[in-house]
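# Overview (structure and organization)
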2 protein chains.
Amino acid sequence: MDPAVVGRRVRALREERGISLSTLARLAGVGKATLSGLEHGTRNPTLETLWAVTAQLGVPFTALLAEPTAGPTAHGTAVTATLLEVFTDTDATYELYRMRVAPGPVQLSPAHQPGVTEHITVFAGVLRAGPADAPLTAPAGGHLRWVSDVPHTYAAVGDEEVTASLLLRYPRR
Amino acid sequence: MDPAVVGRRVRALREERGISLSTLARLAGVGKATLSGLEHGTRNPTLETLWAVTAQLGVPFTALLAEPTAGPTAHGTAVTATLLEVFTDTDATYELYRMRVAPGPVQLSPAHQPGVTEHITVFAGVLRAGPADAPLTAPAGGHLRWVSDVPHTYAAVGDEEVTASLLLRYPRR
DNA sequence: CCCGAGTGTTCCGTTTACGGAACAACAGTG
DNA sequence: CACTGTTGTTCCGTAAACGGAACACTCGGG
């Protein structure tokens, strides 16, 4: 992860709010040198520092560390999935991904454990996905859902890249 | 933010994967002392350190800093929404929330800007939501979508709390 | 022109997070 | 029993993140 990226975002968020470096430093309770160094990417900020600054900006960490999350980039070439969140409830564990499917060949994914379901919301493009023997199609705004304990496929229909959110539900065994 | 909380989660995630402190430290390229102190909450870890460890665990920061994210907890009493992610594409900005709707009175939410759409995936419970004059109903696993430039409502059907993911799409003006 | 109030950067002494090594405790050998 | 390989914790010198102060700079007034 590049600290310069984080720095640029902090600076952008600050200027977006029209607040000066000096005042943000004072509000967040950190030194001006610290904030300056942070925005320039010349420092390697502490959790405490980042927390203080982002809290003052009213922004979760996620907004700073969004897209370069080197999460488990998915299995193959066409599909890129970034793990956004994992939350555990009493009866299941959920993994929420942001997914991109590049136009091109169909992407085959192996089966998961029994009972696992996938929920996909398509935001842009047209996605054809689901069980390998009976895939479903959804346009932008559409939603797909299937039990993923069988091999399944992902493919972008047309030449537009597909953006979607993927939710995996693992029932508690 | 309490560093002890982060520490406990790191330890939980590590043990969940059945991997020892020593090996995780080696894999992540950090000192054992660093990781030990981090898990105990006696240190104030650096962005670089956190990044190395979470990347090795295959978990985004979000998973560590999940629920105490004092993000914009939603409008009223029945609905609690936590901002998980913000990502900006060329044509729109997305805000992804994890939403909980407590059983009880209907929650009314004011209209957003024109063109904003909401996408909801229900994970648990039964949700009745949508435009105030024509709400829709979705059970667990269901999906709702509507244009939210009119006042809209959220309500849990039955006495089970609703868990859902809410995605707001703001088209670029 | 000078002055005060603001901007953001740089300098610097103190604090502390860092990794390597040494450590005690335990497990499975021969 | 000793030996070897673990486990995680603690010690410690070094590197660096920290906040405060000093700095150069740009505005707007008197």
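Reference entry: report on the structure contained in this document. Owing to the predicted nature of the structure, the values given are computational and were not obtained by experimental measurement. (Residues numbered from 1 in each chain as written. Chains lettered and ligands numbered in written order. Predicted model: local features only at pLDDT ≥ 70, side-chain atom pairs only at ≥ 80, totals over all residues. Heavy atoms only, no water.)

Looking now at the protein's contact with DNA strand D. With respect to spatial proximity, 19 residues lie near DNA strand D, and among them Thr34(A), Thr49(A), Ser20(B), Ser36(B) and His40(B) are the closest. The sugar-phosphate share of atoms of DNA strand D within 4 Å of the protein amounts to 67%. Between DNA strand D and Thr49(A) there is a distance of 2.4 Å, counted from a phosphate oxygen to a side-chain nitrogen or oxygen. The contact in question runs from a base oxygen of DNA strand D to an N or O atom on the side chain of Lys32(B), over 3.3 Å. Per element, the largest residue contribution to the surface near DNA strand D is four residues, and it comes from helix 3 (residues 32–40) of chain B. Counted by class, the surface near DNA strand D contains five nonpolar, ten polar and four charged residues. (Near = heavy atom within 4 Å. Polar contact = N/O pair within 3.5 Å; in protein donor to acceptor, adjacent residues only side chain to side chain. Helix = DSSP H or I, 4+ residues; strand = E, 2+ residues; numbered from the N terminus. Nonpolar A, V, L, I, M, F, W, Y, C, P; charged D, E, K, R; others polar.)

The local shell around DNA strand C holds 20 residues, among which Ser20(A), Leu21(A), His40(A), Thr34(B) and Thr49(B) are the closest. Those atoms of DNA strand C that come within 4 Å of the protein belong to sugar or phosphate at a rate of 65%. Here a phosphate oxygen of DNA strand C sits 2.4 Å away from a polar atom, N or O, in the side chain of Ser20(A). Arg43(B) is positioned with one of its side-chain polar atoms (N or O) 3.5 Å from a base oxygen of DNA strand C. For the surface near DNA strand C, the secondary-structure elements that each account for two or more residues are helix 1 (3–16), helix 2 (21–28) and helix 3 (32–40) of chain A together with helix 3 of chain B. Take the surface near DNA strand C: its biggest share by element is four residues, from helix 3 of chain A. Each residue belonging to the surface near DNA strand C can be placed in one class, and the counts come to five nonpolar, eleven polar and four charged.

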